[in-house]
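Listed below are the residues making up each chain.
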Amino acid sequence: MSDLGSSLAALPPIGLIRDGGWTMWLIAALSVATLAVILWKLWALWRLGVWGGRHSRRALELWMQGRHAEALAAVRNRPSARARVAQAAIGTSLDPAIGEKAAREETTRIARQTLYRAREGLRALELIATIAPLLGLLGTVLGMIAAFQVLQSSGNRADPADLAGGIWEALLTTAAGMAVAIPAGVALSWFESVADRLQADLEDLATRIFVRRPAPGRPAARLFEAAE
């Protein structure tokens, strides 16, 4: 085991990829894609302001106090997700030309757009987490087939060391596939939890605004369903 570990450590990354065959190259490409998607998603969520909410909380406080104009000013033209939904809910509620039903529909539209942007790119991570282990398994199976073909052709002259070397090279793709799939799956789960939290916050924010709508209206209802 120590000799195998020393052999792996001695090989440069390009050597490991070459020894793993064509499936290893695909897994390496998936690893680069995974890193790119994670970094892009972090940047996109930061721009969306999913970890903010200061302005929307301030607007909600003002709205509850009946300071409607100040509440709208607190979120006007703010780029964050919560501020955009709060602006839509407050702005349509204050517009006498817009009824409650139309106000809810417009707020729902903005909320759905925001949730779509929050979940954008997650399908790519889900796909990578699914196919990376399968590619690794495929590479292992192909490597095992090649190793046993060598064993069959060698007959009684087969060298166990050569067979063992072929087997560990084949198993290398399985390990690489798991090494890519695990961080992709962890990132996917975390990004989904961020989007779920954002959805709950948007729904709570919009509902509380409509509950205190200046004009008489029906009791607040669930504004939008979970985005897939």
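Everything numeric here is computed off the predicted structure, so don't read it as measured data.

Notes on the overall build of the protein chain
Helix and strand counts for the protein chain stand at 9 helices and 0 strands. Tracing the protein chain from N to C terminus, the helices and strands come up as α-α-α-α-α-α-α-α-α. Residue burial in the protein chain is summarised as follows: out of 228 residues, 37% are buried. Here the analysis covers contacts within the protein chain between residues at least 6 apart in sequence; of these, 76% occur between residues at least 24 apart.

Side note on unusual backbone geometry
We note that Asn77 has phi near 60 degrees; this positive angle belongs to a residue other than glycine. Overall, Asn77 belongs to the exposed group, its relative accessible area being 67%.

Focus on the packing of aromatic side chains
Under the definition given, this model contains 2 aromatic pairs. Between the aromatic rings of Trp51 and Trp190, the centroid separation amounts to 6.0 Å while the plane-to-plane angle is 20 degrees, which identifies the pairing as stacked. Of this pair, Trp51 sits in the loop between helix H3 (22-48) and helix H4 (54-64) while Trp190 is found in helix H9 (residues 160-211), placing the two residues 139 residues apart along the sequence. Aromatic pair Trp190 and Phe191: ring centres 5.2 Å apart, planes at 45 degrees, arrangement tilted. Residue classification places Trp190 among the partly exposed residues on the basis of a relative accessible area of 40%. Three or more aromatic residues joined by ring pairs form one cluster here, namely Trp51, Trp190 and Phe191.

Describing the confidence of the model for the protein chain
In this model, the protein chain carries an average pLDDT of 80, and 77% of its residues clear a pLDDT of 70 or more. Under a pLDDT of 50 for its full length, residues 1-12 has, in the predicted model, 7 contacts with residues more than four places off or in other chains. Residue range residues 216-228 is modelled with pLDDT below 50. Its contacts to residues more than four positions away, or to other chains, number 33 contacts.

Notes on the pattern of salt bridges
Note on pairing: side chains with opposite charge can pair once their charged atoms come close. Using the criterion set out here, one finds 8 salt bridges in the structure. Arg82 is the partner of Asp201 in a salt bridge, and the nearest nitrogen-oxygen pair spans 2.9 Å. Taken together, the residues Asp201 in helix H9 and Arg82 in helix H6 (residues 81-94) connect sequence positions 119 residues apart. A residue is classified by how much of its surface remains accessible, and Arg82, at 8% relative accessible area, is buried. For the salt bridge of Glu100 with Arg104, the shortest nitrogen-to-oxygen distance reads 2.9 Å. Taken together, the residues span about one helical turn, with Glu100 and Arg104 both in helix H7 (residues 100-119) at a distance of 4 residues. Residue classification places Glu100 among the buried residues on the basis of a relative accessible area of 11%. One network of salt bridges, with partners in common, ties together Arg82, Arg197 and Asp201.

Details of H4
Along H4, the positions that sit buried rather than exposed are Ser56, Ala59, Leu60, Leu62 and Trp63. Buried positions in H4, seen along its axis, are confined to an arc of 165 degrees and lie on one side of it. The outward face of H4, more than 90 degrees from its buried face, is lined by the exposed residues Arg54 and Arg57. The positive-phi residue at the C-terminal boundary of H4 is Gly66, with phi of around 85 degrees.

Re the side chain of Thr34
Relative to the helices and strands, Thr34 resides in helix H3. Filtering out sequence-adjacent residues up to four positions away, Thr34 remains in contact with Leu125, Ile128, Val180 and Ala184.

Looking at the environment of Gly177
Following the sequence through the fold, Gly177 ends up in helix H9. The spatial distance from the C-alpha of Gly177 to the C-alpha of Ala129 is 8.9 Å, given a sequence separation of 48 residues. If we skip the residues at most four places from it in the chain, Gly177 touches Ile27, Ala132 and Pro133.

The rules we used
Residues numbered from 1 in each chain as written. Predicted model: local features only at pLDDT ≥ 70, side-chain atom pairs only at ≥ 80, totals over all residues. Heavy atoms only, no water. Helix = DSSP H or I, 4+ residues; strand = E, 2+ residues; numbered from the N terminus. Buried < 20%, exposed > 50% of the residue type's maximum accessible area, 1.4 Å probe, protein only. Contact = heavy atoms within 4.5 Å. Phe/Tyr/Trp six-rings, centres within 6.5 Å; stacked < 30°, edge-to-face > 60°. pLDDT = per-residue confidence, 0-100. Salt bridge = Lys/Arg side-chain N within 4 Å of Asp/Glu carboxyl O. Arc of directions from axis to C-beta.

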